[in-house]
Amino acid sequence: MWMHQIFLKDICRTVNGLVKTALGPPLGSTTTLTPAQDMAFRVESIKCLTGIIKSMGAWMDQQLRDTDLSLLKSPESDASTENHSMLNGEEGAAVDCELETSSELSEAASLEQRRAFKIEFQKGISLFNRKPSKGIEFLMRAKMIGGSPEEVASFLKNTTGLNETMIGDYLGEREEFPLKVMHAYVDSFNFEGKDFGEAIRFFLRGFRLPGEAQKIDRIMEKFAERYCKCNPNSFTSADTAYVLAYSVIMLNTDAHNSMVKDKMLKTDFIRNNRGIDDGKDLPEEYLGALYDQIVKNEIKMSADCSAPQNKQANSFNKLLGLDGLFNLINWKQTEEKPLSANGALIKHIQEQIKAKSGKSESVYYVVTDTAILRFMVEVCWAPMFAAFSVTLDQSDDKTATFQSLQGFRHAVHVTAVMGMQTQRDAFVTSMAKFTFLHCAADMKQKNVDAMKAIISIAIEDGNYLQEAWEHILTCLSRFEQLHLLGEGAPPDASFFVVSLSETEEKTHKSSGFPSLKKKGNALQNPAVMAVVRGGSYDSTTLGIKASALVTPDQINQFISNLNLLDQIGNFELNHIFAHSQRLNSEAIVTFVKTLCKVSMAELQSPTDPRVFSLTKIVEIAHYNMNRIRLVWSRIWSVLSDFFVAVGLSENLSVAIFVMDSLRQLAMKFLEREELANYNFQNEFLRPFVIVMQKSNSAEIRELIVRCVTQMVLSRVSNVKSGWKIVFTVFTTAAADERKNIVLLAFETMEKIVREYFPYITETETTTFTYCVKCLITFTNSRFNSDVSLNAIAFLRFCAVKLADGGLICYDKSEEGDSSIPIVDEDDSSGHPFTDEDDHVSFWVPLLTGLSKLTSDPRQTIRRSALEVLFNILKDHGHTFSQPFWLGVFRSVILPIFSNSKGKGETNNIHDGRFSSDSKSPQPVESPSNSEILTEAAQYLVDLFVSFFDSVRSQLPSVVSVLTGFISSPVQSPASTGVAALQRLAGDLGDRLSDEEWGEIFMRLKEAAAYTLPEILRVLKTMDDIEVSDDSQTHTDMELFSDHEIINDDLEDDSLQIASYVLSRVKGHIAVQLLIIQVITELYKAHHQLLAAANITVLLEIFSSVTSHAHKLNSETILQVKLRKVCSILEISDPPIVHFENESYQSYLNFLHSILTDNPSLYERMNIEPQLVAVCEEILQKYLNCSGCQSKQTPGNQPVPCWRLPLGSAKKEELAARTPLTVLALQVLSGLERDSFRRCVTHFFPLLVDLVQSEHSSGEVLHVLSHMFQSCIGPIIMGL
């Protein structure tokens, strides 16, 4: 376009003059023109205005097109030059290289054969440089290269003389074999340990990226996957590397292209890459170093060296297929900037015009920068807008309205391409209003023409419409509504049901809508009445004027207007949506956002909800699914939020429709193969999870389960990262309140685990974690116990697969950050599972899940989980390393017993602790739980013995658990602990060291002492309880114990507390006796293995228990109270005397065993004094019980005293103590003569008292007689 020497003000004058003519003379003014002449002037003025704006657009298009074409020619010439040079010079080197690498051929072939091979090989390379696929096929047929993708990739990588551009073009092909070659080519690179910038530089040195965006996308997608596989700890997923690769390429273009004036700063680069690491930011230091590396050292692609550097940045990006990708990762804001006015340029042009304005009137100046056009549009758009609008509104002349609409079309084109948002929106909005679709009863032919113009704008200028798409899509929605009314189709609202009765009613009403074009009973159609009433353009619903009356004439006019709409068919409307495939990267995202907005307005309409835009959303998703991943990610980000919002709609029909639409899209999307370490399937399917978790509709939740089931079973081989979503959906379903949903989901889970298990962890191990979590959730199902038990069985099945190596995983899964650190809360040293342990990422969720399941409230589930867990550990524990076993014990096994015992230390079972603040006891442990704990203890001992060498360090923890059972106030767990500990020691036996034996005995000592403070506190509560109001003394009570006084005036609360104390005392005595029993048994079985230090600990235990028993039996007042309570409750007395006798007897037997089993140890440890002291205590207690108390005067003269008869209680006690006394006398008699002689002076007075006691039993007197004859007599005679 050649501009004459005129200023902008002249352009403004010209346009204003034409506008005045187009608008006609002002009202009230006179004119000499006839109406026909006036109309002719107006039409011509409109034509001129249209011509002006059209010429602006044509010149702008030509300038942009010429610039792009001129800049795109350079690479082609470069490529041809490269081809020519290669054919003349480089092919020889290529052939020589090939011949050198084929030593067999060079040795076996003759010179002529080598020459023929060289010629054929040269033909293949020449053909490849023209048509890569043909060249590869030629070389493969000639058997000059192998037929596998790996061999072809090696040929492309190592053969010189190939055109780098053609290599890149071939690698980007989507056909199956070139795709495999590209994968093999990328996999041949080893990026391990390489920085990301270094890796991409190394990768791109052998070929030039192709010019098609889809090809670049496939190559960079595979590069990102390979880099993450070589460096598994570099990024969260391959998606991060994929986006960053594009960022680096564009930074390289920005930094090293001379035509890019505004260079990107480091802060810009960091800001533009925020949130790309799975929503998190990469370290600023990392991005900063990457920026410096690229800016200082350009990434040189092989073909770049010959490419000229005077290219425009945008054209270079188009060559690389990167046009529009800056915006995809929040790159430079391009709105209005690319075409913004260059002030210096404008000023320079104006100065040249002024300087030469006086020389000639026929001098023209060439302007090539489209930025100058912006100023012209800014000064003339408003007058043009007024002229076109007024003409279109007031005139019915076909020529005038046609020209006005053409002016609108060209004005929209210019303002849209120039990025003039305000002006563009003004023109588009005005045209949308002129369609009169919001008040169809007043529509005319010019309004239909306006709709046609809008369709043309949408198709031709869609890349630049941005927010103006909302007006266009709203018009399309309203047009479709009118079209359906004209056809007599029922409105969408008829499918938006609220209740069953309304559904039936609407079905009857909507099933027979007649075509309005054929019948005249439209007055009976409420939808037609609403449309005829019309509304404002900005209203979201037609027929907003509900109170307006509608006449038959208006109806007839409306029906005739609908016939006008037949000029626009469905093809034109659908073409807009099909054409969305051609929209650029930024435009398609805006288009989708706007369509979702319009669809939401349709669905939320209070009077006429519709699904037109919703169906179109599904269509455009299909159309654009093959876009590159970066673009599709942005599209799906918008669609995902939309599907979630609509899926949670209160209208069930809409929600079902959108979920089914999402299913269709997912089925289509799963046809695409996803490479390893990517998460896009996970993101794509996420709406299913969100709706599943938030929806209150059981129908929707069931539909989602069915949709996911269908997708998995039909596309199982393509599911990669989507497994996370699949298992999350089924996990949610497992906890659903509807039985049918639970059973449906479990049926699919069963099929997945049984038949498709290898696919689960094909790409990453975390999916196995989701699978285990899902199965564990099914175990909590309250609808069907079979589901729970089967889920536990599947967990065992998973364990078998793990142990058999039935999992496929990439390096990232084995070495990445997918471990689950689990540390026991009581473990201060902190030994979590780490990735260095064997099979951690697989075993940890399975084992910890079963461990937690052992605390399930249902007995069958607890028992089954316990059995499966320990069977898994026993069957597959040989594959575990020692550090991993340590983690298993701390985080899997020990918590089982900790959870069963409740709050407190690991080795304590708190079940029904009595609180002094409460007046009623807590409930004791249930029998069923006791049984399960018994089984758990048995499993624990079995496991520990089986893997003793690996888990030896956990002996203190295991013994702590077992002694925790023993110290339980409930007898059943205590018996379990005794049996388990005996078995543990019996099975290990001589494998235990002295220190380990010491650990066992110290734990038993702690267990024996643990309950002492507690039982004393419990007994103290009896001090405040009065069991009798009688004034009898304690002596009287004992004297007349045959006639016990029963007092029934105890208060209920006091009786309840006393009953609890009695129960605790009995349990405590049983536990103490069990502890004595276990150490006695352990000593008998392993006394030859025990060191002196361990014997000392056992002696301390016996001494402690015996002293406690003696103290307990000394509480005579307490015993009286307890007897009275037992009499009231009609239960047996607490065996306090029995406790004391048994403790002394065990103690005495133990000391005597040391004497007989190991005399040397007996002497070394000086056991004799303890033995004699115990015997003296036993004899003294017998004498005290028999009522014999010797009283002497200071002169050693005996004092006579009354001997009272014994009561029945004392007689029973004396009888109970007789065997123990006999044993003590026998032990003393069995001492060696020298030992007896040394010790006899200590116990001889007691022997005399026994002789004097008239209540001594015959057995005692018999043994005593034997002692005097065999032991004391010889000593006396020897004197």
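For the structure, see preceding data.
So, here's what we can say about the structure.

Some remarks on the pattern of salt bridges
Working step 1: Applying the stated rule across the entire model yields 43 salt bridges.
Working step 2: A salt bridge links Glu-173 to Lys-215; its shortest N-O distance comes to 3.1 Å. With Glu-173 in the loop between α7 (164-171) and α8 (176-187) and Lys-215 in helix α10 (residues 213-230), the pair connects residues that are 42 residues apart, well separated along the chain. Of the two residues examined, Glu-173 and Lys-215, each falls in the buried class.
Working step 3: Through salt bridges with shared partners, a single network forms among Asp-169, Glu-173 and Lys-215.

A word on unusual backbone geometry
Working step 1: The residue Lys-143 is not glycine, and still its phi comes out positive at about 60°.
Working step 2: Given the relative accessible area of 74%, Lys-143 is considered exposed.
Working step 3: A positive phi angle is found at Gln-466, which is not glycine, with a value near 50°.
Working step 4: Relative to the helices and strands, Gln-466 is located in the loop between α19 (445-460) and α20 (469-487).

Notes on helix α42 (residues 955-966)
Working step 1: Under the 1.5 Å per step criterion, the end-to-end length of α42 is 16 Å for twelve residues, consistent within 8% with the ideal 16 Å.
Working step 2: Across the twelve residues of α42, ten count as buried, placing the element largely inside the fold.
Working step 3: Inspection of α42 places Leu-955, Val-958, Val-959, Ser-960, Val-961, Leu-962, Thr-963, Gly-964, Phe-965 and Ile-966 among the buried residues, and these make up the whole buried set.

Re the side chain of Lys-724
Working step 1: Topologically, Lys-724 is positioned in helix α31 (residues 723-734).
Working step 2: On the basis of relative accessibility, which here comes to 12%, the residue Lys-724 falls in the buried class.
Working step 3: Beyond its immediate sequence surroundings of up to four residues, Lys-724 is in contact with Asn-679, Asn-682, Glu-764, Thr-766, Thr-767 and Tyr-770.

Quick word on a negative patch on the surface
Working step 1: Together, Asp-1023, Asp-1024, Glu-1026 and Glu-1115 make up a negatively charged patch on the protein surface.
Working step 2: For Asp-1023, the location among the structural elements is in the loop between α44 (994-1020) and α45 (1034-1039).
Working step 3: Among the residues examined, Asp-1023 registers a relative accessible area of 51% and is labelled exposed.

What about a positive patch on the surface?
Working step 1: On the surface, Arg-130, Lys-131, Lys-134 and Arg-141 cluster together to form a positively charged patch.
Working step 2: Checked against the element boundaries, Lys-134 lands in helix α5 (residues 132-141).
Working step 3: Lys-134 gets classed as partly exposed once you look at its relative accessible area, which sits at 46%.

What to know about the packing of aromatic side chains
Working step 1: For the structure on display, the rule yields 59 aromatic pairs.
Working step 2: Ring centres of Phe-408 and Phe-427 lie 5.8 Å apart, and the angle between their planes is 80°; on these two criteria the pair is classed as edge-to-face. Here Phe-408, found in helix α17 (residues 398-417), pairs with Phe-427, found in helix α18 (residues 421-434); they are 19 residues apart in sequence, far enough to count as distant. Just as Phe-408 is buried, Phe-427 falls in that class too.
Working step 3: Counting every residue linked through ring pairs, the aromatic cluster contains Tyr-185, Phe-189, Phe-191, Phe-196, Phe-202, Phe-203, Phe-207, Phe-223, Tyr-227, Phe-235 and Tyr-286.
Working step 4: Over the aromatic face of Phe-189 sits the side chain of Lys-157, whose NZ or CZ is 3.9 Å from the ring centroid.
Working step 5: Its guanidinium or amino end placed over the ring of Phe-202, Lys-194 lies 4.8 Å from that ring's centre, counting from NZ or CZ.

About the thresholds
Residues numbered from 1 in each chain as written. Predicted model: local features only at pLDDT ≥ 70, side-chain atom pairs only at ≥ 80, totals over all residues. Heavy atoms only, no water. Salt bridge = Lys/Arg side-chain N within 4 Å of Asp/Glu carboxyl O. Helix = DSSP H or I, 4+ residues; strand = E, 2+ residues; numbered from the N terminus. Buried < 20%, exposed > 50% of the residue type's maximum accessible area, 1.4 Å probe, protein only. Expected span 1.5 Å × (residues − 1). Contact = heavy atoms within 4.5 Å. Patch = residues over 30% accessible without salt bridge, like charges linked within 9 Å, V, L, I, M, F, W, Y side chains within 5 Å. Areas by Shrake-Rupley, 256 points an atom, 1.4 Å probe, with all protein chains shown as cover. Lys, Arg positive; Asp, Glu negative; His and termini not counted. Charge placed at Lys NZ, Arg CZ, Asp CG, Glu CD. Phe/Tyr/Trp six-rings, centres within 6.5 Å; stacked < 30°, edge-to-face > 60°. Lys NZ or Arg CZ within 6 Å of the ring centre and 35° of its normal.

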